[in-house]
Amino acid sequence: KDALASYNTSCQTAALSVDNILEHNISVYPNPAQTFVQVSLTNGLELKSLEIYNIVGKRVYKTRESRVIIESLSKGIYFVRINTDKGFINTKLIKK
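Here the structure is a predicted model, which means the values were calculated and not measured.

Conventions used here
- Residues numbered from 1 in each chain as written.
- Predicted model: local features only at pLDDT ≥ 70, side-chain atom pairs only at ≥ 80, totals over all residues.
- Heavy atoms only, no water.
- Helix = DSSP H or I, 4+ residues; strand = E, 2+ residues; numbered from the N terminus.
- Buried < 20%, exposed > 50% of the residue type's maximum accessible area, 1.4 Å probe, protein only.
- Polar contact = N/O pair within 3.5 Å; in protein donor to acceptor, adjacent residues only side chain to side chain.
- Contact = heavy atoms within 4.5 Å.
- Pairing = 2+ DSSP bridges.
- Core = buried A, V, L, I, M, F, W, Y, C linked by side-chain atoms within 4.5 Å.

**Some thoughts on the side chain of Gln-38**
No. 1: By secondary structure assignment, the location of Gln-38 is in strand S2 (residues 36-41).
No. 2: For Gln-38, a relative accessible area of 17% translates into the label buried.
No. 3: A distance of 3.3 Å separates polar atoms of two side chains, one belonging to Gln-38 and the other to Ser-66.
No. 4: Excluding residues within four positions of it along the chain, Gln-38 makes contact with Ser-27, Val-28, Tyr-29, Ser-66 and Arg-67.

**Here we look at unusual backbone geometry**
No. 1: Note the cis peptide between Tyr-29 and Pro-30, where omega equals -10 degrees.
No. 2: For Pro-30, the position within the fold is in the loop between strand S1 (26-29) and S2.
No. 3: Between Asn-31 and Pro-32 the backbone carries a cis peptide bond, its omega angle lying at 10 degrees.
No. 4: Structurally, Pro-32 is set in the loop between S1 and S2.
No. 5: Positive phi is not limited to glycine here, since Asn-43 has a value of about 55 degrees.

**Some thoughts on the pairing of strand S3 (residues 47-53)**
No. 1: Burial within S3 is extensive, with five of its seven residues counted as buried.
No. 2: Bridging between S3 and strand S6 (residues 76-84) involves six bridges; their strand directions are antiparallel. By the bridge assignment, Tyr-53 is partnered in S6 with Phe-79.

**Things to note about the nonpolar core**
No. 1: Counting residues in hydrophobic clusters, the biggest one holds 18 residues, and the most contacted among them are Ile-26, Val-37, Leu-50, Ile-52, Ile-70, Ile-82 and Leu-93.
No. 2: Elements supplying a minimum of two residues to this core: S1, S2, S3, S6 and strand S7 (87-95).
No. 3: Beyond its immediate stretch of four places on either side in the chain, Val-37 contacts Val-28, Tyr-29, Pro-30, Ser-66, Arg-67, Val-68, Ile-70 and Leu-93.

Shown next, in the form of structure tokens:
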């Protein structure tokens, strides 16, 4: 150890993980929804695909569009997987 240097052992990292970056730059609205959902991506993220799964894990919808008409889906809870050029996130969607 250098006698003149000071050391800090409680450093906090400021870096965000890929998951945090995606969570902060992707939004799905409205939620709950009745007729459609819109996916908004910021900071240059590119939507590759959007998949909707029912509560038992069966894929019920897949598209490359950011606006999805969900009128034909039954009321309930769904999971949305948003695939981007930087990775993917999963989020919950409530269909009214």
